[in-house]
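So you can see what is in the structure, the chains are spelled out below.
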Amino acid sequence: MSTVKQSIQEGGPLEQWRTRRGKEEMIEAAEQLPEMAPPPPPPEPMKVHFLTGSDHWYQSLFCFLSLQRFCDDRIIPVLYSDGSLSESYREKFQRVVPWAEIQTIDDIKDRLNDALPKSQYSLLREWRHIQPLTRKITDLHAGEEGWKLLLDSDMLFFRKPQFLIDYLRQPESPCYMVDIDTHYGYSPQLRYRLVDSPIPEAVNIGIFGLKSDEVDFDQLQKWLQIMVKEEGSSYNITQGLSSLIFAGRDCEVAPPGEYVVLPSLEEGKSPSATLHHYVAESKRAYFQHGWRHIQKQAAHAD
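Residues numbered from 1 in each chain as written. Predicted model: local features only at pLDDT ≥ 70, side-chain atom pairs only at ≥ 80, totals over all residues. Heavy atoms only, no water.

Enquirer: So what's going on with the pattern of salt bridges? Which residues, and what values?
Expert: One pass over the structure, following the stated rule, counts 17 salt bridges. In this structure, arginine 21 and glutamate 28 form a salt bridge, with 3.6 Å as the shortest nitrogen-oxygen distance. Here aspartate 73 and arginine 169 are joined by a salt bridge, their closest N and O atoms 2.8 Å apart. Pair noted here: aspartate 73 is in the loop between helix H3 (57–68) and strand S2 (75–81) and arginine 169 is in helix H8 (residues 162–169), with a separation of 96 residues, a long-range link. Residue class for arginine 169 comes out partly exposed when judged on its relative accessible area of 43%. (Salt bridge = Lys/Arg side-chain N within 4 Å of Asp/Glu carboxyl O. Helix = DSSP H or I, 4+ residues; strand = E, 2+ residues; numbered from the N terminus. Buried < 20%, exposed > 50% of the residue type's maximum accessible area, 1.4 Å probe, protein only.)

Dropping the structure here:
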């Protein structure tokens, strides 16, 4: 994106200041949110997973609050540290949601050392640092079992997400949301040479459901090696790898009209969708308007 185009999308200096100030106010508001009363637990635990840290804990918190308020049963947020989720940030989150579970970076490294030893998976382990978004796969699923639903922190719910609640109650297949376009970082020719099955288009893994014990890390490392060797590194490599995991599989897909990637500024001011995923320039709508709707609802509930 050109500097001129980005400036137009983010607004002029005053609008950019409002966005920065909105972010500061969101952090301040997160630190003052009241403690939630725990809803009753369902017969089977329902969990959502966040990869988060010092720069995103407050976004994870607002995302979770906006989801939990639409579900009568308790949902357990599981936080996976990106390496920066220190005790003080864990305490900030658990002050509001005491039933939150934490995977510290030491917990994750111990599990990775057992399930993905560096001697055998050196490339995957290296790419955890080159592109930390690959941790959506490695850190959540290596050495684990069962279904996990990961949510990106920069999302908010404004209507009851019945699709997602039903999925949490009984996951049976992988799950994702629909992007505004296909952003995989690698050519279709290369991707289709790596798999024999149809690859879904426009996968966005802001919503990302997988069964841990079905992730083939040997295959994942082979794909990664070929992709990097032939076409270099890409910011969207995790989304590209995920599309290969989904290839040929029946997946649950969040309805795109309800689960919106890159909401407009007007949609941010007056949400009509079930969920917003605030990527790229829609951070303006997020920090200026989106989170404030959730703050008002939390204050009203209190």
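Enquirer: Go over the layout of surface pockets with me, naming the residues and quoting the values.
Expert: In this structure, the largest pocket spans a volume of roughly 920 Å³. As for the largest pocket, its lining consists of 37 residues, of which Leu133, Asp152, Asp154, Tyr235 and His277 are closest to the centre. Of all the secondary-structure elements, those providing two or more residues to the lining of the largest pocket are strand S1 (46–52), helix H7 (135–141), strand S4 (147–151), strand S7 (203–211), helix H11 (237–246) and helix H13 (283–301). In terms of residue class, the lining of the largest pocket is built from 14 nonpolar, 13 polar and 10 charged. (1 Å grid on protein atoms, 1.4 Å probe; cavity = no way out; pocket = protein on both sides within 12 Å on 5 of 7 lines; lining within 4 Å. Points joined across faces, edges and corners; volume = space filled by probe spheres on them. Nonpolar A, V, L, I, M, F, W, Y, C, P; charged D, E, K, R; others polar.)

Enquirer: How would you summarise the packing of aromatic side chains if you had to cite specific residues and measurements?
Expert: According to the stated counting rule, one finds 9 aromatic pairs in the structure shown. On the numbers, 5.8 Å between centres and 75 degrees between planes, the contact of phenylalanine 62 with tryptophan 291 is edge-to-face. Residue phenylalanine 62 is found in helix H3, and its partner tryptophan 291 is found in helix H13; the two are separated by 229 residues along the sequence. Tryptophan 291 matches phenylalanine 62 in its accessibility class, with the two residues each being buried. Consider the rings of tyrosine 286 and phenylalanine 287, whose centres lie 4.8 Å apart with planes at 40 degrees: the pair is tilted. For the pair tyrosine 286 and phenylalanine 287, one class covers both residues: buried. These aromatic residues form a ring-pair network of at least three members: Trp57, Tyr58 and Tyr89. (Phe/Tyr/Trp six-rings, centres within 6.5 Å; stacked < 30°, edge-to-face > 60°.)

Enquirer: Describe H3, listing the residues and the values that go with them.
Expert: With 12 residues, H3 should cover 16 Å at 1.5 Å per step; its first-to-last C-alpha distance of 16 Å lies within 8% of that length. With 12 of 12 residues buried, H3 lies mostly within the body of the structure. Residues Trp57, Tyr58, Gln59, Ser60, Leu61, Phe62, Cys63, Phe64, Leu65, Ser66, Leu67 and Gln68 constitute the buried set of H3. (Expected span 1.5 Å × (residues − 1).)

Enquirer: Go over the nonpolar core, please, and point to the residues and values.
Expert: In this structure, Phe64, Val97, Leu151 and Ile207 are the most contacted members of the largest nonpolar core, which totals 89 residues. With 8 residues, the top contributor of residues to this core is H3. In contact with isoleucine 207, not counting residues within four places along its chain, are Leu149, Leu150, Leu151, Met155, Leu164, Cys175, Tyr176, Met177, Ala254 and Tyr259. (Core = buried A, V, L, I, M, F, W, Y, C linked by side-chain atoms within 4.5 Å. Contact = heavy atoms within 4.5 Å.)

Enquirer: Can you tell me about the side chain of histidine 276, naming the residues and giving the values?
Expert: In this fold, histidine 276 is placed in strand S10 (residues 275–277). A polar atom in the side chain of histidine 276 sits 2.7 Å from the side chain of glutamate 267. For histidine 276, the side chain forms a polar contact with the side chain of tyrosine 278, separated by 2.7 Å. (Polar contact = N/O pair within 3.5 Å; in protein donor to acceptor, adjacent residues only side chain to side chain.)

Enquirer: Any details on the pairing of S4? Residues and values, ideally.
Expert: Burial within S4 is extensive, with 4 of its 5 residues counted as buried. Here S4 runs beside S7; their pairing, made up of 5 bridges, is antiparallel. Among the inter-strand pairings, lysine 148 is bridged to a residue of S7, identified as leucine 210. (Pairing = 2+ DSSP bridges.)

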